[in-house]
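The residues making up each chain are set out below.
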Amino acid sequence: MHARYGCRPVSGRGSGGRRRPTRTRWLRAFAVLPLLAVGLAACGGGEGGGRPTLNWYNFPDDSGALQKAADRCSKASGGRYKISYNKLPRAADGQRQQMVRRLAAKDDSLDILGLDVTWAAEFAEARWIREWTGTAKQQAVQGTLRVPLQTSTWKNKLYAVPYNTNTQLLWYRQDLVPTPPTTWAEMTAMARALARQGKPHYVEVQGGQYEGLTVWFNTLINSAGGSILNANATAPSLGPPAVRAAQVMRDLANSPAADPSLSNQMEDQNRLAMESGVAAFELNYPFVYPSMQANNPKLFKSFRWAPYPRVDPGRPSRPTIGGIDLAVSAYSRHPDLAFEAALCLRDRENQLTAAVQGGLPPTLRDLYDDPALIKAYPFAKEVLAALESASVRPLTPAYQNISIAISHTLSPPSGIKPVSAVDTIRDQIDQALRSEGVIP
């Protein structure tokens with residue numbers, strides 16, 4: 001039996017079921033009342049049962065930043081609630097699966113949900129999470145970066161508050177490349193030149209058949225002036241910018257710049273390749289910086305960063321952001337407290353801790369001017385610039401199907417036929433938006 005429902009009704013009869021004399025039964029019942037009150041208080045999670053526990057479900061954090069945030073906010077509540085940090089599976093698919101199953105069953109033990117930035121639309125459409133309104137909404141949007149807020153919004157309504165964010169930069173070796181490239185074409189040309197000299201020259205990027213490939217495509221489309229879906233997320237957009245994006249991916253994959261393992265690579269394989277010394281460039285998230293510092297101090301001395309490369313010189317790059325948004329379950333028994341607690345969990349102090357200890361860039365704009373963040377993130381200026389011009393993954397309840405369609409069609413990158421690949425993606429997205437077809 002779930003501990004929440006562990007209290008059992010107290011029998012009105014003594015052992016053996018024999019009735020006691022009326023006076024004795026009354027006196028014993030009177031004496032037992034204080035004990036019953038203590039027992040009921042221990043079993044209560046809220047209404048009349050002492051301090052309620054708010055269950056926060058989020059990704060597993062090894063840095064201790066999330067547990068510290070839960071402890072801080074529990075203390076700050078002045079005894080009105082306690083936050084219990086519950087760790088979800090490590091893989092995003094496992095996280096989503098666990099929450100979807102429990103929300104579909106209307107499980108009221110979920111209060112605050114840590115959602116991947118692609119899930120808010122799906123969860124809102126299913127009515128599993130509550131809309132942010134009134135004062136809570138005002139506090140959620142105040143000082144928050146514009147693009148992360150887009151990931152929390154569905155049909156012009158706010159359904160979550162951005163807890164942290166993430167974006168990719170170009171990481172490179174200054175001992176090989178004194179001046180970083182500004183476009184993909186320039187970077188590929190530099191890699192060719194390094195290859196001719198017999199020097200490390202690979203460009204590490206996420207080319208495996210998974211969501212990272214979708215993110216790469218999404219970034220290139222937006223950087224080329226287009227998008228995967230139209231503004232209302234009702235139909236595919238694509239067009240010439242999508243063909244241009246597919247061309248960039250194919251050209252890199254068929255050049256000396258491509259790592260031989262490109263079609264199987266994810267973020268961590270990119271990091272390891274860069275740390276091993278075989279690469280000159282890496283498109284990845286800021287977690288690679290402390291990792292390089294710890295794992296290859298010698299190479300770290302020439303490890304530098306720059307803005308994400310442009311597709312064309314005349315357009316800015318628009319890297320796709322990641323991160324976690326905090327939502328309140330539609331089935332929470334304490335929604336008002338849950339909204340309050342979610343705001344506390346992502347306040348200035350907790351976001352700074354998550355950034356410094358956990359390597360998760362904050363969503364509050366003014367933190368990027370904080371000396372403590374700048375010390376831990378010497379690339380804070382570049383991260384902020386990337387976030388302010390960033391793109392988001394397609395905002396739609398059908399995102400999972402769309403991502404799978406894209407990653408399957410574009411894998412392996414070396415085999416991409418830009419025009420026909422975009423036509424295939426367009427057809428499959430159209431089917432996904434109309435809930436038709438079969439996921440490849």
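Residues numbered from 1 in each chain as written. Predicted model: local features only at pLDDT ≥ 70, side-chain atom pairs only at ≥ 80, totals over all residues. Heavy atoms only, no water.

Trainee: Just checking my understanding: could you explain the layout of surface pockets for this structure?
Mentor: Here the largest pocket is characterised by a volume of approximately 1,400 Å³. Lining the largest pocket are 43 residues, with Arg 90, Ala 92, Gln 95, Asp 116 and Glu 267 sitting closest to its centre. Breaking the lining of the largest pocket down by element, the ones donating at least two residues are helix H3 (92–104), strand S6 (161–166), helix H8 (211–223), helix H10 (267–276), strand S11 (322–328), helix H14 (348–358) and helix H17 (399–409). Class assignment for the residues of the lining of the largest pocket results in 16 nonpolar, 16 polar and 11 charged. Quantified by volume, the second largest pocket comes out at close to 630 Å³. Around the second largest pocket, the lining comprises 28 residues; the ones closest to its centre are Asn 230, Ala 231, Asn 232, Ala 233 and Leu 395. (1 Å grid on protein atoms, 1.4 Å probe; cavity = no way out; pocket = protein on both sides within 12 Å on 5 of 7 lines; lining within 4 Å. Points joined across faces, edges and corners; volume = space filled by probe spheres on them. Helix = DSSP H or I, 4+ residues; strand = E, 2+ residues; numbered from the N terminus. Nonpolar A, V, L, I, M, F, W, Y, C, P; charged D, E, K, R; others polar.)

Trainee: Honestly, the sheet that holds strand S8 (residues 202–204) in this entry has me stumped. Any pointers?
Mentor: Taken in spatial order, the 4 strands of this open sheet run S8-S9-S7-S10, and their pairing is mixed. Looking at strand neighbours, the two that pair on one side only are S8 and strand S10 (303–306), the edges of this open sheet. Strand-to-strand twist of the sheet, defined as the mean angle between neighbouring strand axes without regard to direction, takes the value 20°. (Pairing = 2+ DSSP bridges. Axes fitted to C-alpha atoms, helices over the stretch in contact; angles between N-to-C directions.)

Trainee: Can you help me understand helix H7 (residues 184–196) in this one?
Mentor: Every α-helix carries 3.6 residues per turn, so stepping three or four residues along brings you back to the same face. With 13 residues, H7 should reach 18 Å at 1.5 Å per residue; the first-to-last C-alpha distance of 19 Å fits that figure. If you check which residues of H7 are buried, you get Trp 184, Met 187, Thr 188, Ala 191 and Leu 194. For H7, the buried positions fall inside an angular range of 120° around the axis, keeping them on one side. Exposed and oriented more than 90 degrees from the buried face of H7 are Ala 185 and Arg 196. (Expected span 1.5 Å × (residues − 1). Buried < 20%, exposed > 50% of the residue type's maximum accessible area, 1.4 Å probe, protein only. Arc of directions from axis to C-beta.)

Trainee: Teacher, can you tell me more about the packing of aromatic side chains here?
Mentor: Ring pairs (aromatic) are described by centroid distance and by the angle formed between their planes. Enumeration according to the criterion identifies 16 aromatic pairs in this entry. Note on Trp 171 and Tyr 289: the rings are 6.3 Å apart at their centroids and 35° apart in plane angle, and the pair reads as tilted. Of this pair, Trp 171 sits in strand S7 (residues 169–173) while Tyr 289 sits in helix H11 (residues 288–295), and the two are 118 residues apart along the sequence. The class for Trp 171 is buried, based on a relative accessible area of 0%. (Phe/Tyr/Trp six-rings, centres within 6.5 Å; stacked < 30°, edge-to-face > 60°.)

Trainee: How should I be thinking about the side chain of Asn 218 in this particular structure?
Mentor: Examined against the element boundaries, Asn 218 turns out to sit in helix H8. Looking at Asn 218, the relative accessible area reads 2%, which means it is buried. Setting aside anything within four residues of it in sequence, one finds Asn 218 in contact with Ile 228, Thr 320, Ser 391, Val 392, Arg 393 and Pro 394. (Contact = heavy atoms within 4.5 Å.)

Trainee: Explain empty space enclosed by the protein to me, please; I cannot follow it from the model alone.
Mentor: Regions of empty space are outlined by a rolling probe, equal in size to a water molecule, passed over the atoms. Across all of its chains, the model carries 1 cavity of 30 Å³ or more by this definition. Estimated volume of the largest cavity: approximately 40 Å³. As for the largest cavity, its lining consists of Val 117, Thr 118, Ala 120, Ala 121, Thr 151, Thr 153, Pro 394, Leu 395 and Thr 396. By residue class, the composition of the lining of the largest cavity is 5 nonpolar, 4 polar and no charged.

Trainee: Where do I start with the side chain of Thr 167 in this structure?
Mentor: Inspection of the secondary structure assignment puts Thr 167 in the loop between S6 and S7. When near neighbours in sequence (up to four residues on either side) are disregarded, Thr 167 contacts Asn 284, Tyr 285, Pro 286, Pro 319, Thr 320, Val 383, Ala 386 and Leu 387.

Trainee: Is there a simple way to explain the sheet that holds strand S3 (residues 112–116) in this structure?
Mentor: Two orientations exist for strands paired in a sheet by backbone hydrogen bonds: parallel and antiparallel. Strand order in this open sheet of 5 strands is S2-S1-S3-S11-S6, and the pairing throughout is mixed. In this open sheet, the two strands that pair with only one neighbour each are strand S2 (82–87) and S6. Neighbour-to-neighbour, the strand axes of this sheet turn through a mean angle of 20°, independent of strand direction. One ladder, built from 6 bridges, connects strand S1 (residues 53–58) with S2; its direction is parallel. Bridge pairing links Leu 54 to Ile 83 in S2.

Trainee: Would you take a moment to explain the pattern of salt bridges for this structure?
Mentor: Any two side chains of opposite charge can pair, given that their charged atoms come close. Enumeration according to the criterion identifies 19 salt bridges in this entry. A salt bridge links Glu 349 to Arg 72; the nearest nitrogen and oxygen atoms lie 3.4 Å apart. A residue pair is termed long-range when its members are at least 10 positions apart, and Glu 349 in helix H14 and Arg 72 in helix H2 (residues 65–76) qualify at 277 residues. Two residues, Asp 430 and Arg 434, come together in a salt bridge whose shortest N-O distance is 2.6 Å. Where salt bridges share partners, they join Asp 268, Arg 271 and Glu 275 into one cluster. (Salt bridge = Lys/Arg side-chain N within 4 Å of Asp/Glu carboxyl O.)

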